[in-house]
Amino acid sequence: MSSKQGVTVKILDREYKFACEPEERRQLLDAADYLDGQMRTLKEGSNMVGLEKIAVLAALNITNDFLAMKERDEVIGRTVGSLRKKLSAALAEEAEKTS
């Protein structure tokens, strides 16, 4: 039995209805608010009037931001991995000295 609930979000003054689990409601509302803000910024900053073009450009911008963050996280992960190896080697070396 599904416990999904109806949620209505407003993006560029248009209402959209979705069904989601109660624990996902806040994330859906936050995502819709973020998308609405991105689309409003694009609409106000240009002469684009087509909702579809604004939505596609917003999606591309958000995806670009996501991919940049993902790449940055991967670099950080590799750096942390490298530091762990160096730390383990240094600790092993120190342990040998004190044995």
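Above this text you will find the structure in question.
What this report covers is the structure whose coordinates are included nearby. Computed from a predicted model, the values in this text were never measured in an experiment.

Brief notes about the pairing of strand β1 (residues 5-11)
Every other side chain in a regular strand lies on the same face of the sheet, so the side chains alternate between the two faces. Relative to strand β2 (residues 14-20), β1 is paired through 7 bridges, and the arrangement is antiparallel. If you follow threonine 8 over to β2, its bridge partner there is lysine 17. The hairpin formed by β1 and β2 contains 2 residues between the paired strands, and leucine 12 there has a positive phi angle of roughly 50°.

Looking at the pattern of salt bridges
Using the criterion set out here, one finds 4 salt bridges in the structure. In this structure, the salt-bridge partner of arginine 40 is aspartate 13, at a minimum N-O distance of 3.0 Å. Of the two residues, arginine 40 is situated in helix α1 (residues 25-44) and aspartate 13 in the loop between β1 and β2; the sequence distance between them amounts to 27 residues. A salt bridge links arginine 40 to aspartate 36; the shortest N-O distance between them is 3.0 Å. Of this pair, arginine 40 and aspartate 36 both sit in helix α1, 4 residues apart, which is roughly one turn of the helix. Accessibility expressed as a relative area gives 27% for arginine 40, which makes it partly exposed. Overall, aspartate 36 belongs to the buried group, its relative accessible area being 15%.

Topic: the nonpolar core
Judged by nonpolar contacts, Val7, Val9, Ile11, Leu12, Cys20, Leu29, Ala32, Met39, Leu42, Ile54 and Ala58 together constitute the single largest core of 11 residues. In terms of residue count, the dominant contributor to this core is α1 (4 residues).

Thoughts on unusual backbone geometry
Positive phi values are uncommon outside glycine, yet leucine 12 reaches one of about 50°. With respect to the helices and strands, leucine 12 occurs in the loop between β1 and β2. Residues other than glycine seldom take positive phi values, yet aspartate 13 does so here, at roughly 65°.

Basis of the calculations
Counting restarts for each chain: residues are numbered from 1 in the order of the written sequence. Reporting in this predicted model follows two pLDDT cut-offs: at least 70 for local features of residues, and 80 or more for side-chain atom pairs to be given and counted; totals over whole chains, interfaces and linings ignore these cut-offs and use all residues. Hydrogens and water molecules were not included; the side-chain quantities draw on all heavy atoms of the structure. Only strands joined by at least two bridges in the DSSP assignment are considered to pair. Secondary structure elements are taken from DSSP: a helix is a run of H or I of four residues or more, a strand is a run of E of two residues or more, and numbering for both begins at the N terminus. By salt bridge we mean one thing: a side-chain nitrogen of Lys or Arg within 4 Å of a carboxyl oxygen of Asp or Glu. Type-normalised accessible area, obtained with a 1.4 Å probe on protein chains alone, sets the label of each residue: buried when under 20%, exposed when over 50%, and partly exposed for intermediate values. To form a nonpolar core, buried Ala, Val, Leu, Ile, Met, Phe, Trp, Tyr and Cys residues must be joined to one another through side-chain atoms within 4.5 Å.

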